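Secondary and tertiary structure notes
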Amino acid sequence: MSSATSSVARVAYLASDIIVDSRPTLPSTSQFAKEYSSLSATSSRRPTILSVPLGGDPGSTLLRNGSAAGLISFTSSAAAQTVIRLVLDAAELSSLPLVLHLAVKNDLSEVLLLRSAVPFFLVSRTPQQAHDNSLLASRLARTEKKAVVHAFYDAKNDSVEEIPESDVQPFLLSEKLPSTNGMNGQNGANGHNGHAKAANGTNGVNGHAKAANGTNGVNGHANAANGTNGVNGHSATVVSPGLELFRLYERAALSTVVRIRCACPPLSVHGSSEPHTVIFGLGDIPSVDIDGVSVISLSLLTPLLTSHILDVIPLSASRIIILEQLHRWNTKWTPLYLELVDALHQREVEQRPHIQSVYFSDPAQVTPLAILKLLQVAPSSAPIQLGSTSHSSLLSPEVPHTPKHELSYTKILSHVFGERLEVSNSPALVLKQGAIATSPEFALGRVRGQLDQRNELIRSVQKLLEVKEVGPELHKLCSQWVLVKDDDIKSRSVGEELITALESSKLSSPITDRILSLRAHFPTRSRWIIGSDAWSYDLGASGLHHAIASGLNINILIIDTLPYTSRNSADPHRRKQDAGLYAMNHGDVYVASVAVYSSYAQVLQAVMEADRHNGPSVVLAYLPYQNEDAPALEVLKETKLAVDAGYWPLYRWDPVKEAQGKEPFTLDSDAVKNDLQQFLDRQNHLSQLVRSKPELATELVSSLGENVKEARRRKAQQAYDDLVVSLDAPPLVVLYASDGGTAEKFAKRLANRGKTRGLSTSIGTIDSMSIDTLSQEEYVAFVTSVAGQGEPPQNGRTLFKALNAAALRGEKPFSKLRYSVFALGDSHYWPRPEDAHYYNKPGKDLDARLEQLGGERFADIGLGDDQDADGPDTGYKVWEPLVWKTFGVDSIEVKEAEPDPITNEHIKAASGYLRGTIAEGLEDTSTGALDPSDTQLTKFHGIYQQDDRDIRDERQAQGVEPAYSFMIRVRTPGGVCTSEQWLQMDRIADEHGNGTFKITTRATFQFHGVIKRHLKPSIQEINKVLLDTLAACGDVNRNVICSAIPSLSRLHAQVYNFAKLVSAHLLPRTTAYHEIWLDKKMVAGEAVKDFEPLYGEFYLPRKFKIAVAVPPTNDVDVFANDLGFIAIVNEQGELAGFNVTIGGGMGATHGNKKTYPRIADVIGFCTVEQGPIVAEKVMLTQRDNGNRADRKNARLKYTIDRMGLDAFKADVESRLGYPLAPARPYTFDRNIDDFGWSTGDDGRHHVMLFIENGRIQDEPERDFKTGLREIAKIHKGTFRLTANQHIMISEISTEDVPEIKRILAKYKLDNLNHSGLRLSSSACVAFPTCGLAMAESERYLPVLIDKVEKICEENGLRNDSIVMRMTGCPNGCARPYVAEVAFVGKAPGSYSMLLGGGYYGQRLNKIYREAVTEPEILAILEPMIKRYALERNEGEHFGDFVIRAGYIAPTTSGKEWYDRTGGEGQYREAVAAA
């Protein structure tokens, strides 16, 4: 025996990806939750289960999670509060794959509110019907992506034939069956109204037959494709508004019937075949057998077609009764009544039957006798109630039960306030005022009315004092009461005396009568509203907000029952807001946080202070328990855990004290007080402040006496420092030259350590000194790194040049200078013997030049090598003691407490969810730059700070700051944009940028040269066309890219929608972007704080990239991404799902073997619906396991290699709750774009244009920017940006092709007369804007290709594709490490050369030469290309050839990337040089 709830819960659990369960008010428990708990112990399936409190907003949870789920189910009882909240979001919910399972008990009043708001509405009476309709609803919602309401009765237990667990998912994912045009008349399998297998067993009542084509029956409704006209003249070809929806329902119903072998009729007919009365029943209606009466039970309420209504109402019917199980309805006629009236008006007959609306509440009322009495009553135009009025007791509301644990707080209130206490939403009020009496909003209205009445009483008494006829005694009592009206005791006693005097007085006055009518308000009351923590989920729109803003003298007790140990089990997207902080932010509200099982005295103090406060008071009361049976000891344990851990702090905040100049906040948590110092030491935002400002910690946790001690200690330390300085130690100047910040860090360390030893130290850049000022210094320590090919860093070049010039002139200005140099470099950066002198060249040259100019070393040069075990620290530890020995302070013992360096992790955590001080920096007109920490945060907003490196030296010589500008990157998921968006991008480039824009290797737009004051206008204009820049950069998931595939238009639409879905699902939720750039203001101050459900305050360890590829084209280089989805198409050409790849990444660091590129591994297969959740779980696994201590080893590829692929996959599957399916076969054959014209399967046309390196600009003879603008003005389709930096003009109708071709020809955009090498090339931006560039890339690669393609043409390879890529640094933006030939910049004019990548991105290349210049590149490639032309196998690509020919070894994994570099055999670098 099973209940309907257990059957529905089981189907929901097995069918859904996500379940949202409504949690009833305690002590009630969710019956669904019990079933889910039981199923979790026996089932292998693990859907995500989220709980929503009864007062919460289920709609927001469903909307947030529904778009990413294959099927989401909501389970709840049909409470008015829940249904009303669902109605508010119904328009958006209706387009989700959603089933709303709502349990009803003898009343459909509430649930019917949803009927008109959703596409499908099912009603189930029995447990078996609930089971079958649950399956049907799940199938319908999943396949058609539409919401279904399933209302079911839960009053009976019965045997249920359940579908096996193993069959549920195959059933849901099975192919759609073809729809029939009849009403489920498919061979009798799923019919109604007389189908062979229908429950009532009457065959053919309405003409449905077993035959395949059907025959006409009584009502002429046939099972043929189009039907035939029957007796009623109703043709199946008539299309009603809901016909299309019904066909979708019918198709799902057919699939369900085929699986369960049992009918699922939309309506069923019982009784006479030629009735005089037809009863349309909606609800739990028992079987009634009366001659001449036909009873129609509705299972499918929406869509309810007119044709189907007429089919089941024979011409013999003279009366129709609509029998609905409703306790109440707010309008005269119900929707079902109106639909039947409308249907009958479409039947052309002489006399229409009379329609009567009847309500009932208890199934016991529906008896044959009651129906017969109803038939004897003359027809009425008004609805009538079935049964006697004795059943009216059923409508009496049930008094809510107060959980026994919560009585502890109500007893305290009763004890403290006695008869003054008034709980304005007391359950006792339900009997008089209905169930709404317990709602906080209603209670607030009652309180407002009571206070208004008391104010009227006060005014009336004051008016009575002015009446001359009032006697002395009565006048005295009136005066006394006015004076003591707010006194807790006297207001009652004096009031009672005044009432007695008035009643005995002979004074006749309307004022007297009014005072006596308001006698209940003489005593002052302590008014309380008791609510739950559900108010904390929607502060801005809940009753709590109205109470706080009302200014009324009302006290609110909010009881939070969530146990501390269950705090992380709730929906992470539905975070409780801090109601206390929200209330305090209002400024005039008394706020307290209490816990009766922690501090009884504090509870008493808080409620008394709240009562005394003249205004709103909010008391947050902690009472953790799961159910009413929880023992008091368990509540005590949970309370202690929460209070001691600081999860539930005890405090009081009194705004009156603040007005008096006193401290308004009182912290009552002893544990928090005692542990505050330890708390400050934790890794959180406050500890970062303490590190940067140690005095903050002292102010927070020290007493005045400790402050005095600290002052004395500082004074003694200063005296010691002065003593050391007085020993005549000369001052030390520390100068540094640094591009990346490493040399600067060592210089600051040296200066700080000098100060701790009592030396007078100063620090600056090398270029901050001229030769003249340097010649006046006595002791100078230089720290410098290397830039480029043995060049000094940017902020040291001016002095270096001046020193060289002085040396050429033979000057010796440094006769009094004593110096030492510490140089930082990488001995493996230039590995060839002839390049060895580049190692630490600037430091060595500086050391020699200073000596040549008359300086004297006080310590030998120190050399820091990145290749040492501790990196540069190894050499530094040897050099630094020599410095201290020079000054005679090497023997001083100093306990050095150096502050930890501020890292990106600190910046993110302290940023306030990506706010930082960006807004303030934008207002600072004194500089064109932003603060360095803010430049790390702007990356998350899609913005990089840069400067023009071409003129950096010139501006430095002029003494002005660099020419700062910003790069803006747009987020365009899938790389698709409209013509309107293209025109806006074109306009932004002209008005705010440098007149050009770039198509990036992430298939999006990128602007350069945007100055600071143009940042906000640019981003606002981007947002005006429904694009944005949020998460285009930064430690988050970046722009999701997908294949262009022009010939498969339908498949591209599916893949593109999937890419957008994944992008939206993983988008950061911070509101900082909208506040800073779009001027959207925060509400309620800082009370409602941002929350990142996926990222948290630290976001990801590093960037995260996702690509979606469609075989056989790997144009997105799916294996080069952190996460990849390879589309798998079934035999019908439909998208079946994706193979999942993880662990790809291109970045590396020259000479650092801990860094390397890696191609992704295939770990399994997922469905389209599972894809976004798989992406989320992979990203979260990286979030929790990535290396946050070293950003160079923070990408997902390193996490996987550290954890192991199997362990990482197991972690992902654990989070998913199910294993990924085995990967399916696929084939790639290229990763380049298909240029030229093509036609999609929808008949529309597409053209792929070659845009060299993605730069959209106007050049002589190539006005590409203008041409594309002209196309965008007339183009009705879209533009697709590719990951190879090209553009496809897409979805061109046939009639528009000639005009598009004309414009392309005019601006030479159709020129594809390029070599295969050029068409397959790609380059990053590099100089002059990229701050990381070490060499040219975008500006140089076309020049290099000019020379290399001549070699190709000489050898007959002009049209052969060779994938060649170039980047200006090793970060790999152009994905060079999977190219057949690649060049990675090391210094201006010098590149690492790599060979052997896979033609379709399936294999990494390998370093062939560590450093080559252009002559060396051409000398290497000329014989290699010639040999390739002569010796290649049929179809063999260049990357495969160089491996087979022995030039380079294949790379089998990322960790082996450095193995066997430099060539093989006779082609090894050392051999070739010899």
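Please read these numbers as outputs of a predicted model, since none were measured by experiment. (Residues numbered from 1 in each chain as written. Predicted model: local features only at pLDDT ≥ 70, side-chain atom pairs only at ≥ 80, totals over all residues. Heavy atoms only, no water.)

Observations concerning empty space enclosed by the protein
Here is the rule we go by: For each structure, a 1 Å grid was placed over the protein atoms alone; sets of points admitting a 1.4 Å probe that cannot get out are labelled cavities, open sets with protein on both sides within 12 Å along at least five of seven lines are labelled pockets, and lining residues have an atom within 4 Å of a point. Grid points are joined across faces, edges and corners, and a volume is the space filled by probe spheres set on the points. Polar here means any residue other than Ala, Val, Leu, Ile, Met, Phe, Trp, Tyr, Cys and Pro, which are nonpolar, and Asp, Glu, Lys and Arg, which are charged; Gly is therefore polar.
Under the defined criterion, the tally for this structure stands at nine cavities of 30 Å³ or more. Of the pockets and cavities examined, the second largest cavity occupies roughly 120 Å³. Lining the second largest cavity are 14 residues, with Lys1105, Ala1120, Met1146, Gly1372 and Arg1375 sitting closest to its centre. Tallied by class, the residues present in the lining of the second largest cavity amount to three nonpolar, six polar and five charged.

A look at the pairing of strand E35 (residues 1106-1109)
On a regular strand, each side chain points to the face opposite its neighbour's, so the side chains alternate between the two faces of the sheet. Convention followed: The buried label goes to any residue with under 20% of its type's maximum accessible area, the exposed label to any with over 50%, and the partly exposed label to all in between, with areas taken from a 1.4 Å probe on protein chains only. Put simply, DSSP marks the helices as runs of H or I at least four residues long and the strands as runs of E at least two long, and each gets a number from the N terminus on. Strands are labelled as partners when DSSP assigns at least two bridges between them.
Here E35 shows no split at all, with Ile1106 and Val1108 on one side and Ala1107 and Ala1109 on the other all buried. Of the strand pairs in this sheet, strand E34 (residues 1041-1042) and E35 are connected by two bridges, and their pairing is parallel. Within the sheet, the bridge partner assigned to Ile1041 lies in E35 and is Ala1107.

Regarding the pattern of salt bridges
As a working rule, side chains carrying opposite charge can pair if their charged atoms are close by. Put simply, the test is: We define a salt bridge as a contact between a side-chain nitrogen of Lys or Arg and a carboxyl oxygen of Asp or Glu at a distance within 4 Å.
One pass over the structure, following the stated rule, counts 73 salt bridges. The partner of Asp284 in a salt bridge is Arg125, with the nearest N and O atoms 3.8 Å apart. Remark: Arg125 occurs in the loop between strand E6 (120-124) and helix H6 (127-144) and Asp284 occurs in the loop between strand E10 (277-282) and strand E11 (293-298); sequence separation between them is 159 residues. Asp1035 serves as the salt-bridge partner of Lys908, at 2.9 Å between the closest nitrogen and oxygen. Of this pair, Lys908 sits in helix H33 (residues 904-909) while Asp1035 sits in the loop between helix H38 (1015-1024) and E34, placing them 127 residues apart in sequence. Residue classification places Asp1035 among the buried positions, given a relative accessible area of 3%. Among the charged side chains, a network of salt bridges with common partners joins Glu905, Lys908, Asp1035, Arg1188 and Arg1191.

Notes on the sheet that holds strand E2 (residues 18-23)
To keep it simple, the criterion reads: Angles shown run from 0 to 180 degrees and are taken between the N-to-C directions of axes, each axis being a line fitted to C-alpha atoms and, for helices, limited to the stretch in contact. The contact criterion used throughout is that any non-hydrogen atoms of two residues lie within 4.5 Å.
Across the sheet, which stays open at both edges, the seven strands sit in the order E3-E2-E4-E5-E7-E6-E12 with mixed pairing between neighbours. Taken across any chain shown, the strands that pair with only one partner, and hence form the sheet edges, are strand E3 (48-53) and strand E12 (300-302). Averaged over all neighbouring strand pairs, the angle between strand axes comes to 20°, with direction disregarded. As defined by bridge partners, E2 adjoins E3 across six bridges and the pair is classed as parallel. Note that in E3 the partner of Ile18 across the bridge is Thr48. The sheet strands contacting helix H2 (residues 31-42) are E2, E3, strand E4 (72-77), strand E5 (98-104) and strand E7 (148-153), and the helix crosses E2 at an angle near 140°. Here helix H8 (residues 243-260) sits on the sheet in contact with E6 and E12, set at roughly 50° to E6.

Here's the deal with the sheet that holds strand E40 (residues 1245-1249)
Taken in spatial order, the five strands line up as E31-E44-E45-E40-E39 in an open sheet, and their pairing is antiparallel. Edge positions in the sheet fall to strand E31 (976-978) and strand E39 (1236-1239), since each has one partner strand and no second. Adjacent strand axes in the sheet meet at a mean angle of 25° when their direction is disregarded. For E39 and E40, the ladder comprises four bridges, and the chain directions are antiparallel.

Quick word on unusual backbone geometry
At the junction of Thr302 and Pro303, the peptide bond is cis and its omega measures out at 0° in the coordinates. Note on placement: Pro303 falls in the loop between E12 and helix H9 (306-311). Between Pro1111 and Pro1112 the backbone carries a cis peptide bond, its omega angle lying at 10°. Tracing the chain through its elements places Pro1112 in the loop between E35 and strand E36 (1123-1129). In the Ramachandran plot, Asn840 falls in the positive-phi region, its phi being about 55° despite a non-glycine side chain.

Things to note about the packing of aromatic side chains
To keep things clear, this is the line we draw: Within 6.5 Å between ring centres, the rings of Phe, Tyr and Trp (the latter by its six-membered ring) count as paired, and their orientation is classed by plane angle as stacked under 30 degrees, edge-to-face over 60, tilted in between. Cation placement over rings: the criterion is NZ of Lys or CZ of Arg within 6 Å of the ring centroid and within 35° of the ring normal.
Within the structure shown, the criterion is met by 38 aromatic pairs. On the basis of an interplanar angle of 75° and a centroid distance of 5.9 Å, the ring pair of Phe1235 and Phe1250 is categorised as edge-to-face. Remark: Phe1250 occurs in the loop between E40 and strand E41 (1255-1256) and Phe1235 occurs in the loop between helix H43 (1205-1216) and E39; sequence separation between them is 15 residues. The interplanar angle of 35° and the centroid separation of 4.2 Å between the aromatic rings of Tyr1447 and Tyr1467 together place this pair among those described as tilted. Here the residue Tyr1447 occupies a position in the loop between helix H49 (1438-1444) and helix H50 (1469-1473), and Tyr1467 occupies one in the loop between H49 and H50, the gap between them amounting to 20 residues. Positioned above the aromatic ring of Phe171, the side-chain terminus of Arg139 is 5.9 Å from the ring centre. Against the face of Tyr829 rests Lys1386, its NZ or CZ located 4.3 Å from the ring centre.

Details of the environment of Leu282
Within the secondary structure, Leu282 is located in strand E10. Spatially, the C-alpha atom of Leu282 lies 6.3 Å from that of Ser297, the residues being 15 residues apart in sequence. What Leu282 contacts, discounting residues up to four positions off in sequence, is Leu108, Leu112, Val123, Leu301, Leu323, Glu324, Gln325, Leu336 and Phe360.

Notes on helix H30 (residues 797-808)
Note: α-helices contain 3.6 residues per turn, so residues at a spacing of three or four share the same orientation. We count it as follows: Each residue after the first adds 1.5 Å to the expected span of a helix.
Along its twelve residues, H30 runs 17 Å from first to last C-alpha, staying within 8% of the 16 Å computed at 1.5 Å per residue. Considering only its buried residues, H30 is in contact with helix H29 (771-775), helix H31 (841-852) and helix H36 (952-958). Directly beyond the C-terminal end of H30, a positive phi value near 75° is found at Gly810.

Remarks on the packing of helix H1 (residues 4-15) against helix H7 (residues 165-173)
To keep things clear, this is the line we draw: If an angle is under 35 degrees, it is roughly parallel; if it is over 145, roughly antiparallel; if it lies from 65 to 115, roughly perpendicular; otherwise it is oblique. By definition, turning the near helix anticlockwise from the far helix through less than a right angle yields a left-handed crossing, and turning it clockwise yields a right-handed one.
The interhelical angle for the contact between H1 and H7, taken along N-to-C directions, is 60°, at an axis separation of 9 Å. Looking at the two axes, H1 sits oblique to H7. Handedness of the crossing formed by H1 with H7: right-handed. Mapping the contact onto sequence places Arg10, Leu14 and Ala15 in H1 and Glu165, Val168, Gln169 and Leu172 in H7. The class makeup of the residues in the contact of H1 with H7 is four nonpolar, one polar and two charged.

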